[in-house]
Amino acid sequence: MAPTDEAGQAAPHASPFGTTPPTRPPAGPDSRMPRWLPRAMVLALALIAVFQLGSWAFHQLIGLLINILIAFFLALAIEPAVSKMAARGMRRGLATFLVFFAVLIASAGFVVLLGSMLAGQIIKIVEDFPDYLDSVISWVNGHFHTDLKRVDVQEGLLRSDWLRNYVQNSATGVLDVSAQVLGGLFQLLTIGLFSFYFAADGPRLRRAICSVLPPARQAEVLRAWEIAVDKTGGYIYSRGLMALVSGVAHFILLQALEVPYAPVLAVWVGLVSQFIPTIGTYLAGALPMLIAFTVDPWYALWVLIFVVIYQQFENYVLQPKLTSKTVDIHPAVAFGSVIAGTALLGAVGALIAIPAVATLQAFLGAYVKRYAVTDDPRVHGHRKRGEGPSPVTRARALWERRRQGPEDSADGEGDGGGDGSA
């Protein structure tokens, strides 16, 4: 039996190396919880709650954040004009107002002119629709040996189920269209106000940002701001050039086809195709096709073919060249940035992707250490002059050796035979 002390507990037994301490009983259900565990659980729950709240707030404010981003780039686009007017003594707020007022007047005049033209052409299409229908019916009767009449076709269309369903859906969707129009106007107003404040209070905004940064960081922020202004202005300039080229090309086509309102349609195609990404090309080409259809249905087909061919030329030849010159980025980088921006933010991302990537590339370029490139033909892509024979020279020498080879061997055999006979 093990010895015990006065308290009745097992006494430590002696060993050759000293006394062994008593063993502790195993932890049971009544053992105490570590003090740090409740605090860690509360902290983890608080972090999860903050993350969920931030994620919910971000998804609720994503529309406002996108509008602010668009307004910021618009303010950068008009910054050079506002700064030039302010440098001449004009108040910055008044200069910003004048720039916005000029853009608003030009846009309103273009929309009014385009709307009146479109309304007149729609009326003309409605008035000439019976003649178009007669020509189509006569073509079908002549080629397919049928006996269709315009009255029968009109009655069939008026009594068709799809027309009745279309009218009902259009009547019920009037409120939805009105809500979308009001929402779009409110969004434009929001973007306009934020862009006005960013442009008018640009120096104050830069001072507010720099006031919370050390001097070294202030210089970096101001340099990044200046780069963003230059790249955004270059992007707008490149878009304006492409709009001009597109307008001139489509004006020549429409004028050759004698389509009415050719100048207005050319301006429409140039502006809409360049400043409305993704779907701008299709919106721009639909209106000239509609107007050309009123002149001759075959003209609409020619316009469609021209729009498709010119779009491919612009995407793969004109746009990469102009963008690389004005924004100073590689055409492949410009094309990839547009795809990435569209995947992230849709049409807005496609519109601001190129100036954003150009700004980031120019800003980070100052922190990349560059070295002298080795003098190697694999780097330069061609052999320098005087460094050796050119490929043409080497090929010519090889051909001469092959052509002279049989003659040299025949001479050698003849000489050997003569020596042996002697």
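Here the structure is shown first, and the text comes after it.
Everything in this summary refers to the structure shown in the same document. Residue positions are counted from 1 within each chain, in the order its sequence is given. Only residues with pLDDT of at least 70 are given local features in this predicted model, and only at 80 or more are side-chain atom pairs given and counted; all residues enter the totals for whole chains, interfaces and linings. Derived side-chain values reflect all non-hydrogen atoms in the structure, with water molecules and hydrogen atoms excluded from consideration.

## Considerations on the pattern of salt bridges
So, step 1. Each salt bridge in this description consists of a side-chain nitrogen of Lys or Arg and a carboxyl oxygen of Asp or Glu lying within 4 Å of one another. Following the criterion strictly, the structure yields three salt bridges and no others.
So, step 2. Across the pair Glu79 and Arg206 runs a salt bridge whose closest N-O atoms are separated by 4.0 Å. Of the two residues, Glu79 is situated in helix 2 (residues 62-87) and Arg206 in helix 7 (residues 202-210); the sequence distance between them amounts to 127 residues.
So, step 3. Any residue under 20% of the maximum accessible area for its type is buried, any over 50% is exposed, and the rest in between are partly exposed; the area is computed with a 1.4 Å probe on protein chains only. When its relative accessible area of 18% is taken as the criterion, Arg206 is described as buried.
So, step 4. Between Glu220 and Arg217 there is a salt bridge; the shortest N-O distance is 3.2 Å. Of this pair, Glu220 and Arg217 both sit in helix 8 (residues 215-256), separated by three residues, roughly a single helical turn.
So, step 5. Glu220 sits in the partly exposed class, given a relative accessible area of 22%.
So, step 6. A relative accessible area of 48% means that Arg217 is categorised as partly exposed.
So, step 7. Taken together, the salt bridges that share partners define one network made up of Glu79, Arg92 and Arg206. Helix and strand assignments come from DSSP, with helices taken as H or I runs of at least 4 residues and strands as E runs of at least 2, each series counted from the N terminus.

## Points about the nonpolar core
Generally speaking, nonpolar side chains in soluble globular proteins are found buried as a group.
So, step 1. Counting residues in hydrophobic clusters, the biggest one holds 19 residues, and the most contacted among them are Leu114, Val259, Leu265, Trp268, Leu287 and Val303.
So, step 2. Listed by contribution, the elements that provide at least two residues to this core are helix 3 (92-144), helix 8, helix 9 (262-275), helix 10 (280-295) and helix 11 (297-326).
So, step 3. Per-element accounting of this core gives the leading share, six residues, to helix 9.
So, step 4. Residues grouped as a nonpolar core are buried Ala, Val, Leu, Ile, Met, Phe, Trp, Tyr and Cys residues, joined through side-chain atoms within 4.5 Å. Of all hydrophobic cores here, the second largest spans 17 residues; its members include Phe73, Ala75, Ala95 and Val229.

## Looking at the packing of aromatic side chains
Any aromatic ring pair is given by two values, namely how distant the centres are and how the planes are angled relative to each other.
So, step 1. When the centres of two rings from Phe, Tyr and Trp lie within 6.5 Å, Trp using its six-membered ring, the rings pair. Their planes under 30 degrees apart give stacked, over 60 give edge-to-face, and anything left gives tilted. For the structure shown, the criterion picks out nine aromatic pairs.
So, step 2. With a centroid separation of 6.0 Å and 70° between ring planes, the pair formed by Phe100 and Phe196 is classed as edge-to-face. Residue Phe100 is found in helix 3, and its partner Phe196 is found in helix 6 (residues 174-200); the two are separated by 96 residues along the sequence.
So, step 3. A relative accessible area of 27% means that Phe100 is categorised as partly exposed.
So, step 4. Ring geometry for Tyr310 and Phe313: centres 6.0 Å apart, planes at 50°, overall tilted. Of the two residues, Tyr310 and Phe313 are both situated in helix 11; the distance of three residues between them amounts to about one turn of the helix.
So, step 5. Exposure remark for Tyr310: the relative accessible area of 9% places this residue in the buried category.

## A word on helix 7
So, step 1. Within helix 7 the residues assigned to the buried category are Gly202, Arg206 and Cys210. Taken around the axis of helix 7, the buried residues stretch over an arc of 65°, which confines them to a single face. For helix 7, the exposed residues set more than 90 degrees away from the buried face come down to Arg204 and Arg207. Taken from the helix axis, the directions to the C-beta atoms give the arc we talk about.

## Description of the layout of surface pockets
So, step 1. Using a grid of 1 Å spacing that covers the protein atoms alone, one calls a set of points a cavity when a 1.4 Å probe fits there but cannot get out, and a pocket when the set is open and has protein on both sides within 12 Å along at least five of seven lines; lining residues are those with an atom within 4 Å of a point. Grid points are joined across faces, edges and corners, and a volume is the space filled by probe spheres set on the points. In this structure, the largest pocket spans a volume of roughly 2100 Å³.
So, step 2. As for the largest pocket, its lining consists of 45 residues, of which Leu74, Val103, Ser107, Leu188 and Phe275 are closest to the centre.
So, step 3. For the lining of the largest pocket, the secondary structure elements donating two or more residues are helix 2, helix 3, helix 6, helix 8, helix 9 and helix 13 (347-365).
So, step 4. Broken down by element, the lining of the largest pocket gets its largest block of residues, 14 residues, from helix 3.

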